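Topology and contacts: notes
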Amino acid sequence: MFKKIIKGNKKIPKSDSHDPSSFAYGPPGARNSGAVSANVVVNHASRAGPTASGPNSGGSNPVLPPSGTIEPLPLFRDVPVSDRQTLFLRKLQVCCFHFDFSDTLKAPREKEIKRQTLLELVDFIQSGSGKITETCQEEMIKMVSVNIFRCLPPACHENTGQENADPEEDELYLEPSWPHLQLVYELLLRYIVSSDTDTKVAKRYIDHSFVLKLLDLFDSEDPREREYLKNILHRIYGKFMVHRPFIRKAINNIFYRFIYETERHSGIAELLEILGSIINGFALPMKEEHKLFLVRALIPLHKPKPIAVYHPQLSYCITQFVEKDYKLADTVIRGLLKYWPVTNCQKEVLFLGELEEVLEATQAAEFQRCMVPLFRQIARCLNSSHFQVAERALFLWNNEHIVSLIAQNRNVILPIIFEALENNISTHWNQAVHGLTVNVRKMFLEMDADLFEEWQRQLAEREAKAKEVEEQREMTWKKLADAAGEDMITA
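To keep things clear, this report deals only with the structure shown in the data block. Quick caveat: nothing in here was measured; it's all calculated off a predicted structure.

About the thresholds
Residues numbered from 1 in each chain as written. Predicted model: local features only at pLDDT ≥ 70, side-chain atom pairs only at ≥ 80, totals over all residues. Heavy atoms only, no water. Helix = DSSP H or I, 4+ residues; strand = E, 2+ residues; numbered from the N terminus. Buried < 20%, exposed > 50% of the residue type's maximum accessible area, 1.4 Å probe, protein only. Contact = heavy atoms within 4.5 Å. Areas by Shrake-Rupley, 256 points an atom, 1.4 Å probe, with all protein chains shown as cover. Core = buried A, V, L, I, M, F, W, Y, C linked by side-chain atoms within 4.5 Å. Expected span 1.5 Å × (residues − 1). Salt bridge = Lys/Arg side-chain N within 4 Å of Asp/Glu carboxyl O. Lys, Arg positive; Asp, Glu negative; His and termini not counted. Phe/Tyr/Trp six-rings, centres within 6.5 Å; stacked < 30°, edge-to-face > 60°. Lys NZ or Arg CZ within 6 Å of the ring centre and 35° of its normal. Axes fitted to C-alpha atoms, helices over the stretch in contact; angles between N-to-C directions. Parallel < 35°, antiparallel > 145°, perpendicular 65-115°, else oblique. Left-handed = near helix turned anticlockwise from the far one by under 90°. Nonpolar A, V, L, I, M, F, W, Y, C, P; charged D, E, K, R; others polar. Polar contact = N/O pair within 3.5 Å; in protein donor to acceptor, adjacent residues only side chain to side chain. Disulfide = S-S within 2.5 Å.

1. Quick word on the overall build of the chain
Tallying secondary structure elements over the chain gives 23 helices and 2 strands in all. Taken over 491 residues, the chain has a buried fraction of 48%. Here the analysis covers contacts within the chain between residues at least 6 apart in sequence; of these, 75% occur between residues at least 24 apart. Accessible area for the chain stands at about 24300 Å²; split by element, carbon and sulfur atoms hold 52% of it.

2. Notes on the nonpolar core
Note on soluble globular proteins: their nonpolar side chains tend to be buried together. The biggest cluster of nonpolar side chains holds 131 residues, and the ones touching the most others in it are Phe88, Phe255, Leu272, Leu298, Phe375 and Trp397. In terms of residues, this core owes the most to one element, helix α8 (residues 178-193), which gives 10 residues.

3. Regarding helix α18 (residues 364-382)
Look at α18: only 23 Å from first C-alpha to last across 19 residues, short of the 27 Å you get at 1.5 Å a residue. Of all the positions in α18, only Glu366, Phe367, Cys370, Met371, Leu374, Phe375, Gln377, Ile378, Ala379, Cys381 and Leu382 are classed as buried. Where α18 is buried, its residues contact α16 (329-338), α17 (345-360), α19 (387-394), α20 (400-408) and α21 (410-427).

4. Structural notes on the environment of threonine 437
Inspection of the secondary structure assignment puts threonine 437 in helix α22 (residues 431-447). Classification of threonine 437 as buried rests on a relative accessible area of 0%. Distance in space between the C-alpha atoms of threonine 437 and glutamate 391 is 8.8 Å, their sequence separation being 46 residues. With near-sequence residues (within four places) excluded, threonine 437 lies in contact with Leu394, Leu421, Asn424 and Ile425.

5. A short note on the pattern of salt bridges
Under the criterion given, the structure shown has 27 salt bridges. Of the charged contacts in the structure, one is a salt bridge between glutamate 134 and arginine 204, with a shortest N-O distance of 2.4 Å. Of this pair, glutamate 134 sits in helix α6 (residues 134-148) while arginine 204 sits in the loop between α9 (199-202) and α10 (208-216), and the two are 70 residues apart along the sequence. According to the relative accessible area criterion, arginine 204 is partly exposed, its value standing at 40%. One network of salt bridges, in which partners are shared, links Glu71, Arg109 and Glu110.

6. Here's the deal with the side chain of lysine 114
With respect to the secondary-structure elements, lysine 114 resides in helix α5 (residues 108-127). Buried within the structure, lysine 114 lacks any salt-bridge partner; its nearest side chain of opposite charge belongs to glutamate 175, at an N-O separation of 11 Å. With near-sequence residues (within four places) excluded, lysine 114 lies in contact with Cys95, Phe97, His98, Phe99, Asn147 and His180.

7. Details of the packing of aromatic side chains
Evaluated as defined, the whole model comprises 15 aromatic pairs. Between the aromatic rings of phenylalanine 88 and phenylalanine 124, the centroid separation amounts to 5.6 Å while the plane-to-plane angle is 45 degrees, which identifies the pairing as tilted. Taken as a pair, phenylalanine 88 in helix α4 (residues 84-94) and phenylalanine 124 in helix α5 lie far apart in primary sequence, 36 residues in all. Side by side, phenylalanine 88 and phenylalanine 124 carry an identical accessibility label, which is buried. Through pairs of rings, three or more aromatic residues link up here, namely Phe367, Phe375, Trp397 and Phe444. Directly above the aromatic system of phenylalanine 76 lies the positively charged group of lysine 91, at a separation of 5.3 Å from the ring centroid. The ring of phenylalanine 101 has lysine 111 lying over it, and the distance from NZ or CZ to the ring centre is 4.7 Å.

8. Observations regarding the packing of α4 against α5
Between α4 and α5, whose axes approach to 9 Å, the crossing angle comes to 140 degrees. It follows from the interaxial angle that α4 and α5 lie oblique. As α4 packs across α5, the resulting crossing turns out to be left-handed. Seen from α4, the contacting residues are Arg84, Phe88, Lys91, Leu92 and Val94; seen from α5, they are Ile113, Thr117, Glu120, Leu121, Phe124 and Ile125. Among the residues forming the contact of α4 with α5, the class breakdown is 7 nonpolar, 1 polar and 3 charged.

9. Points about α19
Burial analysis of α19 places 6 of its 8 residues in the buried class, the great majority of the element. Among the residues of α19, those classed as buried are Val389, Ala390, Glu391, Arg392, Ala393 and Leu394. Lining the buried residues of α19 we find α17, α18, α21 and α22.

10. A word on unusual backbone geometry
Looking along the chain, the bond that leaves leucine 284 and enters proline 285 is cis, with omega of 0 degrees. Among the secondary structure elements, proline 285 is positioned in the loop between α13 (268-280) and α14 (288-298). Positive phi, close to 55 degrees, is recorded for glutamate 263, a residue that is not glycine. By the element assignment, glutamate 263 lies in the loop between α12 (244-262) and α13.

11. Here's the deal with the side chain of glutamate 356
Following the sequence through the fold, glutamate 356 ends up in helix α17. Classification of glutamate 356 by relative accessible area gives buried; the value is 16%. A polar side-chain atom of glutamate 356 sits 3.4 Å from a polar atom in the side chain of asparagine 399. Those residues in contact with glutamate 356, other than ones at most four positions away along the chain, are Arg392, Leu396, Asn399 and Ile402.

12. Focus on the state of the cysteines
Each disulfide consists of one covalent bond between the sulfur atoms belonging to two cysteines. Taken as a whole and assessed by the stated rule, the structure comprises 0 disulfides. Between cysteine 381, a cysteine without a disulfide, and cysteine 345, which holds the nearest cysteine sulfur, the sulfur-to-sulfur distance is 9.5 Å. For cysteine 381, a relative accessible area of 1% translates into the label buried.

Below is the structure:
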């Protein structure tokens, strides 16, 4: 195949080096598009993609080589230095063949030859034995593309038809061809991080099309593959500055689709992990583009049901923004309040944990802008019948920075939450919540005894007035009932 590409009259243009049609495979992410071409056969067991034939076929499941056509090639150290580039190309050619891993007894010899060849290629790149030529780089990226870009199989909920299934409870899927796929990813990673790799040359092959297909693969259900993809994309972002705006925009689009359309994606946590490092490197003053990303993508990520899967990474990204620019604290807190869960108690616990991290980085001026709606929500959490929600809300008073902010604004905050504290002490069923509430009440008493006693008096007056109104209401109903009874007797 490679002889025809290198020596033949029809040379594939560089611009088409990642074109799926060059290798006769469909675009990754076809699972999500809902459309499958006529020549695609999906096999859930082997993750087989389109089939194709011809000299340039390199799809996810091409026609397998006839038995005996793959033979071990010499080791790099066994050939003269002048012949190593040619041998490198020959080894790449061997690695373009695919095998059926759903059948462990099928072509075991050829599978092992390919595995050993991939190991040798990884060692050759990692050792820096010699700078590979531009032709070798082009063919290597083609080989990588042939191996990793494929149609992903339907997800568990697509197989069963259970759209409302919990993603956390989905069965773990492991890619059968991982013994080969792992080495292909390792080769790509070593190539990207190598000091011998010239970005001016490499960016011709690791282009926007290549990056998009990598991002499509983040929907793989195999966590090992997502981990490699995360490391590779992070390295590409660091090394290829020209791709940075494109990568951020492409990740943005994945988030939009996840939030507003599917609420299904396997790689949100990994993408957020990459973004955590990216946000950490943002220069100040922060660009408007980055602030829009926070408002339009990151904060709305609190809305989907499967937030527990990626919440630690999301919380880290949000906190990074506030630590970078403290003026964003008000925007973030109001965003959390906008998406605050109403009936999902476990989600409320996550929100309260994230809120504490954000408040830790919040300064007094920003705190004052949002404290009224914030503590109205916290008051509702204090009175939650779910003890974990109430307990997590009370834990906010264990944070010294938050307590100092509350103390500075006690005249506003205490009236909002005073009744909630008193209700907890008198009616909450959980002893731990009762004990924590007593401690918080004591803290307010020590902060400002006069203010505390004033609101205690006002609450007592309100309760007495409410009791009086209730008694009056009952008397009115009793009079109505008596009058209705007399009318019934008269009739």
